[in-house]
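Descriptive analysis of the structure
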Amino acid sequence: MTFDRLPQAVAFLQQLVDSHPDTVYGYCAMDRTEATWPDAPAKSLYSANIFSPALRSEPNSTSTSSGDEKGLSAAERQQAVADIGHHTVTNYYRCTFDGAEIELDNFRGCSMQPEQVVLFVTDDEFFKRASLVAEDPLNQVRVELLAPRPSTSSSSSSSSLMLDERKTGVTADLSLKNISVVGGCAVVQAVVTAVSLGEAEFVQAIYRDTYLAKRAVALDVPRSKLPFYPLDKQTKTLLRQMPSAMWVVSTSAAHGEDLAMTATSVTVPAAARGMMCFNVGHSSAFYAGLGGVGAGVRLFALSTRQKDIVERYVTRAALGKEDRTRVEEECMVAASCTIEHTEDVQDHHIVLTKIDGVKVPEKDEEGLMPLVWQHGKLITESRSRSGRRRVLRVGPCALQY
């Protein structure tokens, strides 16, 4: 069915939702003068806006969603995002689009073949003028991996980082591929078109305003601000620069078995109003047992005590009882979530979830720290009872982008 104006199409879809509440609908507006993102200047293509009873409410709406029915208000969900971020490794990115800049707190590789596709989640306001036509200037995005220097303050807040002394480690130029809107958030997929080095000599993994690791920036070419090729190799190298907290994602399959997988792709975007996102490969046993929209998943940020679990669930899916207990009791933070949106991208599956609850297990005197993956190695750090740091690098690790 074709409509001349976008509001007419939206109204029709909402009527379908009212009559068939168990079905998720979307629309694709193509090459019409006003068939673009609502209230935006005319552009050629916008797709994958989703309408369903669970996703239809606006960010500030008082209507209930799957998370609200479990007793988590919008403010509590946003606080949950802050709690999770407080217990995991932090990265900083600057995103430039249409002459404006925003700070991203999430940027991940999604799928490398045949295109080098990356993913990030941000507020939908920022991309209202976006275009998915490659030749359009509003299709172009630049993301820079920043290297802030932690301050000497004893505060545990990331706001005390000396952001005025940031330098760019690596820059990726992107061409927008797809944008999905879910609950006021924009899930942005983009293809890497160029990679270049910036001024920073090091990329840091930062936790509670202190270094977990400080590794030299590396690409397989001399330092220069020119784009680097071949892109597939340089994109993988770029993504390896970024420190990633190690996570285990678990779910219950339809036949009742508990499944788990190790993930470096988990992002907790502050702009996403209580959302978490991760990717899963189509060929994995975990993907075969993963449910769709409305299914429950749990995400655990692993601690330094759990490095043996990391490689086990790269190749194994069935979650043993003993491992399940360890993951729950020894992790840095655990989040119970409901799947809100899924999308296939080449050989991977994007899963966007809404946070229903957060639990921070009690730690012993050892003061465990997050388990971090960077430059192909697991990097762990813990504090002894005397307060002195102990640093251990374990690698190379079998994890690959």
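The shown structure was predicted, so the numbers you read here are calculated from the model rather than taken from an experiment.

Moving on, we come to the overall build of the chain. The number of helices and strands found in the chain is 6 helices and 21 strands. Residues classed as buried in the chain amount to 53% of the 401 residues present. Relative to all contacts within the chain whose residues are 6 or more apart in sequence, the contacts with residues 24 or more apart total 67%.

Bringing the pattern of salt bridges into the picture now. All told, the structure shown has 11 salt bridges when counted by the stated rule. Among the salt bridges present, the one from Asp258 reaches Arg324, with a minimum N-O distance of 3.0 Å. Taken together, the residues span a long stretch of sequence, with Asp258 in strand 14 (residues 258-263) and Arg324 in helix 6 (residues 321-330) at a distance of 66 residues. Arg324 gets classed as partly exposed once you look at its relative accessible area, which sits at 27%. In this structure, Glu328 and Arg298 form a salt bridge, with 3.0 Å as the shortest nitrogen-oxygen distance. Of the two residues, Glu328 is situated in helix 6 and Arg298 in strand 16 (residues 296-301); the sequence distance between them amounts to 30 residues. Residue Arg298 is classed as partly exposed on the basis of its relative accessible area of 29%. Salt bridges sharing partners connect three or more residues here, namely Asp308, Arg312, Asp323, Arg326 and Glu330.

Bringing the side chain of Glu330 into the picture now. With respect to the element layout, Glu330 can be found in helix 6. The buried category is assigned to Glu330, whose relative accessible area is 15%. Excluding its chain neighbours within four sequence positions, the residues that come into contact with Glu330 are Ser303, Arg305, Gln306 and Leu368.

Reading guide: rules and limits
Residues numbered from 1 in each chain as written. Predicted model: local features only at pLDDT ≥ 70, side-chain atom pairs only at ≥ 80, totals over all residues. Heavy atoms only, no water. Helix = DSSP H or I, 4+ residues; strand = E, 2+ residues; numbered from the N terminus. Buried < 20%, exposed > 50% of the residue type's maximum accessible area, 1.4 Å probe, protein only. Contact = heavy atoms within 4.5 Å. Salt bridge = Lys/Arg side-chain N within 4 Å of Asp/Glu carboxyl O.

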